[in-house]
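Residue-level structural notes
In case you want the letters, here they are:
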Amino acid sequence: MPDTADVLIIGGGVHGASLAFHLAQRGVKVIVLEKSFVAAGATGRSSGLVRMHYDTEIASRLAWVSFQYFRNWKEKVGGECGFTRTGFLQIVDPGMEPALRANVAMQQRIGIPTFLVTADDVKRLAPTFATDDFAVAAYEPESGYAMPSDTAGSLMAAARRYGARLVQGCTVTAIYVAGGKVTGVGTDQGDFAAPVVVNAAGAWARQINDLAGVEIPLDTWRHDTMFVVRPPEIGPSHPTVIDFANDMYFRPEGELTLVGLEDGNPLGDSPETEAGHALPGFVERAIERICRRIPAMERGRLQSAHGGYDGITPDQHPVLGAAGPEGFYLDCGHSGTGFKTAPAIGLCMAELIVDGAAQTVDIRPYAPGRFAAGQTVKGNYHNIWR
Ligand SMILES: Cc1cc2nc3c(=O)[nH]c(=O)nc-3n(C[C@H](O)[C@H](O)[C@H](O)COP(=O)(O)OP(=O)(O)OC[C@H]3O[C@@H](n4cnc5c(N)ncnc54)[C@H](O)[C@@H]3O)c2cc1C
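Residues numbered from 1 in each chain as written. Predicted model: local features only at pLDDT ≥ 70, side-chain atom pairs only at ≥ 80, totals over all residues. Heavy atoms only, no water.

Considerations on the environment of V92
Put simply, the rule is: Only DSSP runs of H or I covering at least 4 residues are called helices, and only runs of E covering at least 2 are called strands; the numbering of each starts at the N terminus. What makes two residues a contact is simply this: any of their non-hydrogen atoms within 4.5 Å.
Along the chain, V92 turns up in the loop between β6 (88–91) and α5 (97–110). Separated by 243 residues in the primary sequence, V92 and S335 place their C-alpha atoms 21 Å from one another. Non-local contacts of V92, meaning those with residues more than four positions away in its chain, are made with E97, L100, F134, F244 and Y381.

Here we look at the domain arrangement of the chain
The line we're drawing: Throughout the structure description, domain borders are defined by an automatic or database domain assignment. Once two parts are brought into contact, the accessible area they lose, counted with a 1.4 Å probe and summed over both, makes up the buried area.
Assigned domains within the chain: domain 1 (3–45 + 149–218 + 314–370) and domain 2 (86–144 + 221–307). The C-alpha centroid of domain 2 is placed 31 Å from the C-alpha centroid of domain 1. Listed by partner, the interface residues are six residues for domain 1 and seven residues for domain 2. Taken together, both faces of the contact between domain 1 and domain 2 bury some 510 Å²; the carbon and sulfur share is 52%.

A closer look at the sheet that holds strand β17 (residues 248–253)
For the record, the criterion: Strand pairing is assigned whenever DSSP identifies at least 2 bridges connecting the two strands. What counts as an axis is a line fitted to C-alpha atoms, over the stretch in contact for a helix, and the angles between N-to-C directions run from 0 to 180 degrees.
Ordered by their spatial adjacency, eight strands build an open sheet running β7-β8-β6-β16-β17-β18-β15-β19, and the pairing between neighbours is mixed. Looking along the sheet, the strands with just one partner apiece sit at the ends: β7 (115–118) and β19 (301–312). In this sheet, neighbouring strand axes are inclined to one another by 25° on average, regardless of whether the strands run parallel or antiparallel. Pairing of β6 with strand β8 (residues 136–140), which is carried by four bridges, proceeds in the antiparallel orientation. If you follow I91 over to β8, its bridge partner there is A137.

Take a look at the structure:
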């Protein structure tokens, strides 16, 4: 007899863990099947930025609902997510200023604490930043970053307290379908039966879709990051920043600054590719960029650099909803930006699975059928990595 559940979740990253938490909280019997260990994929490599500045209302809403979790983690989930408030700045080229203004207005309408600041204001917030290449920026005083492995780990621990089961070291190798309906999965630890199976397999999601005969445009996206030791003159901290003018983001962590680049992230590699070290040339490019924004970083020291893999879709928005055989759901394609939205997406997916529709945020624009229907999601910023 196979193990049985109401819902099987494939993948123990932050999305599998969040969905398991929200389903188990509602009394659903959940089993999470994870081929390695919790947060072994993109989640464990994530930079953990937590901000609400997006160029679509759906993404800002999901980030805002999620933010209520990050800042009240102990009460809402339990354990630690490591949320650290640093303030967040979104810097753009002057040519993108109208889009920036429109996004801030949209976020203010939702109730997000955000406003426009001048380059002089930025200089006061972060005196070592170069501020001569932009006029205004968006500022979120409440935002910052969290610790992705702690976030996924505490979501999973909470799910287990509500009765969910986690099976680690368990690779899903087959999806079973009978009469057009999902009946369970096959794994290297035997079969598991359930009427609902969710693909939360991150960069491996396309392989899982193949097992279910589901065709959705999903690729892999590699992203490298580095940590540098700040020279003392930059001070004990600085805001978290997305710097479109330099195709870069950065945030503090103790005496370190984490830097990631928005360009040069290869698509289509196998997610099994070694990523313990950054690709050749990354560190040089990242150092040059961070020194443009913080010239004093020239006196910094490289601490470490590594990479990670996420799943990415053509419009760089996630794929959420039912697809293929009845009972098969997708919670994947998070496109390099899915950490901060995971608490809300898990909640919405639980509502979709249990109630038939998400109430907290309308996630229908992220439906899997949008690519075939030519209804991809478009934001105010054009052709940028989010
Ligand atoms: C370097 C980097 C930096 C990032 N920075 C940010 C950021 O600052 N802010 C932000 O919001 N987002 C960021 N992201 C994106 C974010 O981290 C991801 O969108 C998010 O972690 C995806 O979570 P997930 O659970 O979908 O996938 P994953 O964490 O990859 O989890 C998928 C899991 O599925 C398992 N799995 C795969 N195949 C199988 C199988 N056959 N059977 C069983 N299990 C399987 C894997 O082992 C893995 O643990 C970043 C991503 C990377 C790579």
